[in-house]
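Secondary and tertiary structure notes
Listed here are the chains, written in short residue letters.
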Amino acid sequence: MACGFMNHHHCHYLFSVQANYCFTSNNCSLNSSVSPSKCLMKYPNGYNNPTRFRTTPKASADENPSTAGKKTKSRVSSDRELNPLSVLHRLREEFKPGGLGMDILSIALPAALALAADPITSLIDTGFVGHLGSAELAAVGVSGAVFNLVSKLFNVPLLNITTSFVAEEQSLAVKQTAKDQKSKIFLPSVSNAIVLALVLGILEAVALSTGSSFLMNTMGIPVDSPMRMPAEQFLTLRAFGAPPIVVALAAQGTFRGFKDTKTPLYAVGAGNLVNAILDPILIFSFGLGIGGAAIATVISEYLTAIILVWKLNDEVLLIAPSIGGKRVVQYLKSGALLTGRTIAVITTTTLATSMAAKGGPTQMAGYQICFEIWLALSLLNDALALAGQTLLASDYSQGNYDLARQVTYKVLQVGLIMGVALAVILFLGFGALSSLFSTDSEVLEIARSGTLFVAGSQPMNAIAFVLDGLYYGVSDFGFAAYSMVLVGFISSAFIVLTAPTFGVAGVWGGLFLFMTLRVLAGFLRLSSRSGPWKLLNPDPEEENS
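By convention here, each chain's residues receive numbers from 1 onward along its written sequence. It should be noted that, the model being predicted, local features are given only for residues of pLDDT at least 70 and side-chain atom pairs only at 80 or more, the latter also being counted only at that level, while totals for whole chains, interfaces and linings use all residues. Side-chain numbers here rest on the full set of heavy atoms in the structure, without hydrogens or water.

Overview of the side chain of Ser-143
A run of DSSP states H or I qualifies as a helix once it reaches four residues; a run of E qualifies as a strand once it reaches two. Both are numbered from the N-terminal end. Along the polypeptide, Ser-143 turns up in helix α4 (residues 134-172). Residue contacts are counted whenever heavy atoms from the two residues lie within 4.5 Å of one another. Not counting residues up to four positions away in its chain, the partners in contact with Ser-143 are Ala-231, Phe-234 and Leu-235.

Listed below in structure tokens is the structure:
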């Protein structure tokens with residue numbers, strides 16, 4: 001790739017295949033030098049993706065092979081410095097079809113759209129329910145908060161673990177697929193994830209439906225409140241959607257492990273479209289009120305799960321001959337670690353919200369505008385983290401550590417660029433954006449005072465989310481959990497100490513510290529030679545030997 005920047009220099013490449021296996025013809029064999037156009041890898045998602053190649057300058061006869069690469073690099077560097085357009089040319093080369101940058105974007109963009117689909121649908125639901133009255137609208141808000149909390153604690157860890165495990169197993173199962181193209185591939189992680197998802201979903205449904213009254217008491221909703229009855233009704237009906245939600249997330253994790261984020265996008269889009277169509281019919285035409293909104297949502301969730309499982313059944317064996325006990329234990333152990341990590345995140349953000357609320361409704365309203373924009377932009381960062389996770393898991397599991405290092409650096413680079421771009425956009429347009437949420441001048445003044453936090457924290461946010469994806473890509477769940485607990489504790493202590501004196505500025509400072517410490521911990525981990533990162537950062541003496 002580097003030779004694409006040279007002018008008037010002849011460069012010969014030695015294409016060394018980084019995948020363990022290639023399947024095209026007899027011309028493509030293990031560890032043979034082949035043309036990149038002749039080697040395609042068959043992935044379980046049914047797509048033929050070009051195998052990525054690492055290019056190495058070949059030393060000429062009169063050069064020392066150990067120094068040839070360095071001399072070429074110095075000549076290229078001087079050419080770049082003399083040509084200001086070389087930067088643009090380099091970006092074009094990185095993001096052209098088949099490049100690593102394009103691989104990242106091809107995974108991240110559909111994932112970002114799929115992640116944005118649910119919040120958009122929630123806004124549509126809110127718009128319809130809002131016409132029923134303020135009590136019903138508040139009831140949906142309370143019930144949705146409880147449901148989302150359960151999802152974050154248990155469902156999201158399953159999604160992330162499934163993505164990493166499937167990416168690893170899919171990469172190692174390529175040889176078996178090549179031997180018998182007609183048979184479906186068997187990945188134990190997929191079967192385990194579906195079974196665990198079904199069990200977890202049923203348990204969640206039973207707990208939410210039978211414990212709706214207890215949960216409303218926990219949320220501080222009194223029995224005589226006008227929102228109490230509709231909130232319980234909505235939560236009880238929504239509970240029936242827990243099994244398809246968890247199964248759909250497990251299926252999404254599988255497709256993500258295959259580097260396929262388009263199929264989940266289509267499935268989620270279809271389900272949300274049906275939800276938007278059914279909402280007005282069930283709520284108003286059938287007169288079901290808030291119950292109609294819950295039923296429409298549940299129907300859309302079952303539709304999404306059915307589409308995903310149906311498509312997944314075309315590619316993999318969903319009914320395993322036997323369930324691997326060792327893998328189930330890995331799921332449970334990793335899930336416990338990520339659940340603890342999620343608790344640390346929720347505790348820190350909830351504490352920040354509660355401290356902001358002590359300043360009164362006006363301060364809380366201004367804070368909420370900033371916080372919601374901050375969370376919405378995290379969807380983009382989350383999608384980028386997903387791309388890094390799947391690509392790193394695939395290369396790392398195959399032992400392609402050079403490619404794994406390239407993925408690590410490239411996704412961090414893209415994250416930094418995206419974070420800086422978001423920061424600039426928010427600095428310039430945050431005032432106009434915040435005015436969409438309120439017309440109260442005092443609330444807007446507080447919201448605009450948070451511009452520095454919301455915009456300035458975007459580079460840190462992007463890198464922090466990318467680092468999370470890299471942890472998951474090498475199954476470094478232990479460090480991801482323990483470091484988050486420590487970072488959350490320090491940041492929470494900072495908020496408690498500064499918020500009473502500095503008000504909402506102390507809260508924003510604490511959240512910025514929260515993201516900054518996550519980045520520092522991540523860079524310390526990546527630069528270490530311990531755990532899974534030892535293979536990506538080998539000792540120079542060991543590497544030479």
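Having seen the model, we can carry on.
Things to note about helix α9 (residues 242-257)
To estimate the expected span of a helix, subtract one from its residue number and multiply by 1.5 Å. Between the first and last C-alpha of α9 there are 23 Å, a value that for 16 residues agrees with the 22 Å anticipated at 1.5 Å per step. Directly beyond the C-terminal end of α9, a positive phi value near 65° is found at Lys-259.

Concerning the pattern of salt bridges
Throughout this description, the term salt bridge denotes a Lys or Arg side-chain nitrogen within 4 Å of a carboxyl oxygen of Asp or Glu. The full count for this structure, using the stated rule, is six salt bridges. Between Glu-232 and Arg-228 there is a salt bridge, with its nearest N and O atoms 2.5 Å apart. One end of the pair is Glu-232 and the other is Arg-228, both in helix α8 (residues 228-238) and four residues apart, which spans about a single turn. Put simply, Arg-341, Asp-468 and Arg-518 are held in one network by salt bridges that share partners.

Some words on the packing of α4 against α8
Orientation is described by lines fitted to C-alpha atoms, with helices fitted over the stretch in contact, and by angles between N-to-C directions that extend from 0 to 180 degrees. Across the interface, α4 lies against α8 with an axial gap of 8 Å and an inter-helix angle of 40°. For the element pair α4 / α8, the angle class is oblique. Handedness of the α4/α8 crossing: right-handed. Between α4 and α8, the residues in contact are Ala-139, Val-140, Ser-143, Val-146 and Phe-147 and Pro-230, Ala-231, Phe-234, Leu-235 and Arg-238, respectively. Class assignment for the residues of the contact of α4 with α8 results in eight nonpolar, one polar and one charged. Should an angle fall under 35 degrees it is called roughly parallel, over 145 degrees roughly antiparallel, and 65 to 115 degrees roughly perpendicular, with every other angle called oblique. Whether a crossing is left-handed or right-handed is set by the direction in which the near helix is turned from the far one by less than a right angle, anticlockwise for left-handed and clockwise for right-handed. Under the scheme applied here, ten amino acids are nonpolar (Ala, Val, Leu, Ile, Met, Phe, Trp, Tyr, Cys and Pro), four are charged (Asp, Glu, Lys and Arg), and all others, including Gly, are polar.

Quick notes on the environment of Ser-435
Position of Ser-435 relative to the elements: it lies in the loop between α14 (401-434) and α15 (441-449). Note: C-alpha distance between Ser-435 and Glu-445 (ten residues apart in sequence) is 10.0 Å.

Some points on the packing of α14 against helix α17 (residues 458-473)
α17 packs onto α14 with a crossing angle of 150° between their chain directions and a minimal axis gap of 7 Å. Relative to α17, the element α14 is oriented roughly antiparallel. Where α14 crosses over α17, the handedness of that crossing is right-handed. Counted together, Thr-408, Val-411, Leu-412, Gly-415, Leu-416, Gly-419, Val-420, Leu-422, Ala-423 and Leu-426 of α14 and Gln-458, Pro-459, Ala-462, Ile-463, Val-466, Leu-467 and Leu-470 of α17 form the full contact between these two elements. The residue makeup of the contact of α14 with α17, split by class, is 13 nonpolar, four polar and no charged.

A word on unusual backbone geometry
For Lys-259, which is not glycine, the phi dihedral falls at a positive 65°. Relative to the helices and strands, Lys-259 resides in the loop between α9 and α10 (262-285). Positive phi values are uncommon outside glycine, yet Ser-475 reaches one of about 60°. The topology assignment puts Ser-475 in the loop between α17 and α18 (477-502). Throughout, exposure labels follow a simple rule: accessible area from a 1.4 Å probe, protein chains only, divided by the maximum for the residue type, with under 20% read as buried, over 50% as exposed, and the rest as partly exposed. Taking the relative accessible area as the measure of exposure, Ser-475 reaches 28% and is therefore partly exposed.

Details of the packing of aromatic side chains
What counts as a ring pair is set by centres within 6.5 Å for rings of Phe, Tyr and Trp (its six-membered ring), and what kind of pair is set by the plane angle: stacked under 30 degrees, edge-to-face over 60, tilted for all other angles. Scanning the model with the defined rule gives ten aromatic pairs in all. Taken together, a centroid distance of 5.1 Å and an interplanar angle of 80° make the contact between Phe-165 and Tyr-331 edge-to-face. Placement of Phe-165 in helix α4 and of Tyr-331 in helix α12 (residues 325-357) is noted, with a sequence separation of 166 residues between them. The class of Phe-165 is buried, set by a relative accessible area of 3%. A relative accessible area of 4% places Tyr-331 in the buried class. Where Trp-374 meets Phe-453, the ring centres are 5.5 Å apart and the plane angle is 45°; that geometry is what we call tilted. One end of the pair, Trp-374, is in helix α13 (residues 361-397); the other, Phe-453, is in helix α16 (residues 451-456), and 79 residues separate them in sequence. Among the aromatic side chains, those forming a connected cluster through ring pairs are Tyr-367, Phe-371, Trp-374, Phe-453 and Trp-508. For a Lys NZ or an Arg CZ to count as sitting over a ring, it must be within 6 Å of the ring centre and within 35 degrees of the ring normal. We note Lys-311 situated over the ring of Trp-310; from NZ or CZ to the ring centre the distance is 5.8 Å. The ring of Phe-465 has Arg-518 lying over it, and the distance from NZ or CZ to the ring centre is 5.6 Å.

Brief notes about the side chain of Lys-410
Of note, Lys-410 is situated in helix α14. In terms of polar contacts, Lys-410 uses its side chain to reach the side chain of Gln-413, at 2.7 Å. Think of a polar contact as two N or O atoms within 3.5 Å of one another; within protein, one of them needs to be a possible hydrogen donor and the other a possible acceptor, and neighboring residues in sequence only count if both atoms come from side chains.

What about the nonpolar core?
Joining through side-chain atoms within 4.5 Å is the link that ties buried Ala, Val, Leu, Ile, Met, Phe, Trp, Tyr and Cys residues into a set, and such a set is a nonpolar core. Formed by 94 residues in total, the largest nonpolar core has its most connected members in Tyr-367 and Leu-470. If sequence neighbours within four positions are ignored, Tyr-367 has contacts with Thr-349, Ala-352, Thr-353, Ala-356, Ile-446, Val-504, Val-507, Trp-508 and Leu-511.

Thoughts on the confidence of the model for the protein
pLDDT measures how confident the predictor is about each residue, on a scale from 0 to 100. Overall, the predicted model of the protein reaches an average pLDDT of 80, with 78% of residues at or above 70. At the low end of the mean pLDDT range in the protein sits strand β1 (residues 13-17), at 36; at the high end sits α18, at 96. Across residues 1-82, where pLDDT falls below 50, the model places 118 contacts with residues more than four positions away in sequence or in other chains.

Concerning a nonpolar patch on the surface
Taken together, the side chains of Leu-273, Ile-277, Ile-281, Phe-286, Leu-288, Ile-295 and Ile-299 make up a nonpolar region of the molecular surface, amounting to roughly 620 Å² of accessible area. Broken down by secondary-structure element, the contributors of at least two residues to the nonpolar patch are α10 and α11 (290-313). For the nonpolar patch, the element with the most residues is α10, which contributes three residues. With respect to the secondary-structure elements, Ile-277 resides in helix α10. Like-charged residues are merged into a patch within 9 Å and nonpolar side chains (Val, Leu, Ile, Met, Phe, Trp, Tyr) within 5 Å, provided each residue has over 30% relative accessible area and no salt bridge. In these tables, accessible area is a Shrake-Rupley quantity obtained with a 1.4 Å probe, and a residue counts as shielded only by the protein chains included in the view.

Focus on the environment of Ser-394
Of note, Ser-394 is situated in helix α13. Each C-alpha atom, one on Ser-394 and one on Phe-165, is 9.6 Å from the other, the two residues being 229 residues apart in sequence. Beyond its immediate chain neighbours, meaning those up to four positions away, Ser-394 contacts Ala-167, Ser-171 and Lys-259. Of note is the side chain of Ser-394, whose polar atom sits 3.1 Å from the side chain of Lys-259.

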